[in-house]
Amino acid sequence: EAKLAAAYQQAAGLLHSLREAAGQDLAARITAELKYLQMTKAHFAVALPAKAPAADGCDEVQFMISPNPGEELKPVARIASGGEMSRIMLAIKVILASLDEVPTLIFDEIDTGLGGRALGSVAEKLVQVAQNTQAICVTHAPVLAAYADNNLLVEKREQDGRTVTGVQELAGEAKVQEISRMLAGDKVTATTKRQAEELIEAGRKLR
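Residues numbered from 1 in each chain as written. Predicted model: local features only at pLDDT ≥ 70, side-chain atom pairs only at ≥ 80, totals over all residues. Heavy atoms only, no water.

### A closer look at the overall build of the chain
Condition: Put simply, DSSP marks the helices as runs of H or I at least four residues long and the strands as runs of E at least two long, and each gets a number from the N terminus on. Both definitions apply: the radius of gyration is a C-alpha atom measure, and the globule rule equals 2.2 Å times residues to the power 0.38. Only heavy atoms matter for contacts: two residues are in contact if any of them lie within 4.5 Å across the pair.
Summing up its helical and strand segments, the chain has 7 helices and 9 strands in all. The globule rule puts the C-alpha radius of gyration for 207 residues at 17 Å, and the 22 Å found for the chain is more than 25% above it. Seen through its C-alpha atoms, the chain measures out along the principal axes to roughly 75 × 45 × 30 Å. Expressed as a percentage of contacts within the chain between residues at least 6 apart in sequence, the contacts between residues at least 24 apart total 52%.

Below you can see the structure in the form of structure tokens.
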């Protein structure tokens, strides 16, 4: 029993060292991604608090973040706002996709809580991600929809007393019209259409 316990402690110690090295590399890469996503002062870290010995070693793994200078590192799950969580999730998925060669990434409303330059940065990052893997996004943000290679409009409607869901592929003028509607609601004007066309063209230039 003593011999097995010693062997376990040695293996757990080696695993801890490997986790420390991998955690530092992961944290540095995610911090760099967050800067691109307009969290310029954020610092991401991986903490390894001790836990009771188990088959996967003696470490808990916690993702930590300091969103602003002077703030201590705290667990992401406890302090991140909706907009921060969206960008942190995107950064993590971007890094893990490059490590694991994941063929498809699905982002469900990754734009939650975002606006302005941060939203544009997320859209640009998704275009970058889509160059290496398929990225499927559920979004209500015009800029994310405009930058996409392919667009599907999902709508609910009542039919014969039941609610049914329809899916329509958007391309060409239909895409311009829908992006215009996302920008201005029911009050689409010639100016709105030009804005939609400019967004779509900006997305094309990133490829």
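### Focus on the side chain of S121
Structurally, S121 can be placed in helix α4 (residues 116–129). Here S121 is in contact with Y36, L37 and Q38, once residues within four sequence places are set aside.

### A look at a nonpolar patch on the surface
So the rule is basically this: Excluding any residue in a salt bridge, patches collect residues exceeding 30% relative accessible area, merging like charges within 9 Å and nonpolar Val, Leu, Ile, Met, Phe, Trp and Tyr side chains within 5 Å. Note on areas: these come from Shrake-Rupley sampling with a 1.4 Å probe, and a residue is covered only by the protein chains present in the view. Each reported salt bridge corresponds to a side-chain nitrogen of Lys or Arg within 4 Å of a carboxyl oxygen of Asp or Glu. Think of it in three bands: with a 1.4 Å probe and only protein chains considered, a residue is buried below 20% of the maximum accessible area for its type, exposed above 50%, and partly exposed in between.
A surface patch of nonpolar side chains, about 310 Å² in accessible area, is lined by L152, V154 and V167. Position of L152 relative to the elements: it lies in strand β8 (residues 151–159). Overall, L152 belongs to the exposed group, its relative accessible area being 59%.

### Structural notes on the pairing of strand β7 (residues 134–138)
To be explicit about the condition: Two strands make a pair as long as DSSP finds a minimum of two bridges between them. When the strands point away from the viewer, a crossover counts as right-handed if the route from the first strand across the helix to the second turns clockwise.
Note that strand β6 (residues 104–108) and β7 share 5 bridges and pair parallel. Directly across from T104, in β7, lies its bridge partner Q134. Read from β6 through α4 to β7, the crossover connection turns out right-handed.

### Here we look at the packing of aromatic side chains
Put simply, the rule reads: For Phe, Tyr and Trp, rings pair up if their centres lie within 6.5 Å, where Trp contributes its six-membered ring, and each pair is then called stacked (planes under 30 degrees apart), edge-to-face (over 60) or tilted (otherwise). Two limits define a charge over a ring: the Lys NZ or Arg CZ must be within 6 Å of the ring centre, and within 35 degrees of the ring normal.
Taken as a whole and assessed by the stated rule, the structure comprises 1 aromatic pair. Positioned over the ring face of Y36 is K125, at 4.6 Å from the centre of the ring.

### Focus on the nonpolar core
Spelled out, the test is: Joining through side-chain atoms within 4.5 Å is the link that ties buried Ala, Val, Leu, Ile, Met, Phe, Trp, Tyr and Cys residues into a set, and such a set is a nonpolar core.
Counting 39 residues, the largest nonpolar core has I30, L34, F44, I88, L90, V122 and L144 as the members making the most contacts within it. Within the residue set of this core, elements represented by two or more residues are α1 (2–36), α3 (82–100), β6, α4, α5 (142–147), α6 (173–184) and α7 (190–205). Residues contacting L90, with those up to four places away along its chain left out, are L37, F107, I110, V122, K125 and L126.

### Concerning α1
Defined as follows: A helix's residues, less one, multiplied by 1.5 Å, set its expected span.
Between its first and last C-alpha atoms α1 spans 51 Å; for 35 residues at 1.5 Å apiece the expected length is 51 Å, and the two agree. Of the positions making up α1, those classed as buried are A12, G23, L26, A27, I30, T31, E33 and L34. Directly after α1, the chain includes Q38, whose backbone phi takes a positive value near 70°.

### Comments concerning the packing of α6 against α7
The test is simple: Here an angle of 0 to 180 degrees is reported between the N-to-C directions of two axes, which are lines fitted to C-alpha atoms, with helices fitted over the stretch in contact. Any angle that falls under 35 degrees is termed roughly parallel, while one over 145 is termed roughly antiparallel, one within 65 to 115 roughly perpendicular, and all others oblique. In this scheme, a crossing is called left-handed if the near helix is turned counterclockwise away from the far one by less than a right angle; it is called right-handed if the turn is clockwise.
At a minimum axis separation of 8 Å, α6 and α7 run at an interaxial angle of 115°. Judged by the inter-axis angle, α6 sits roughly perpendicular to α7. You can see that α6 and α7 cross each other, and the crossing is right-handed. Across the interface between the two elements, E173, K175, V176, Q177, I179, S180, L183 and A184 of α6 pack against T192, K193, Q195, A196, E197, L199 and I200 of α7.

Any functional reading would require information that these geometric values do not contain.
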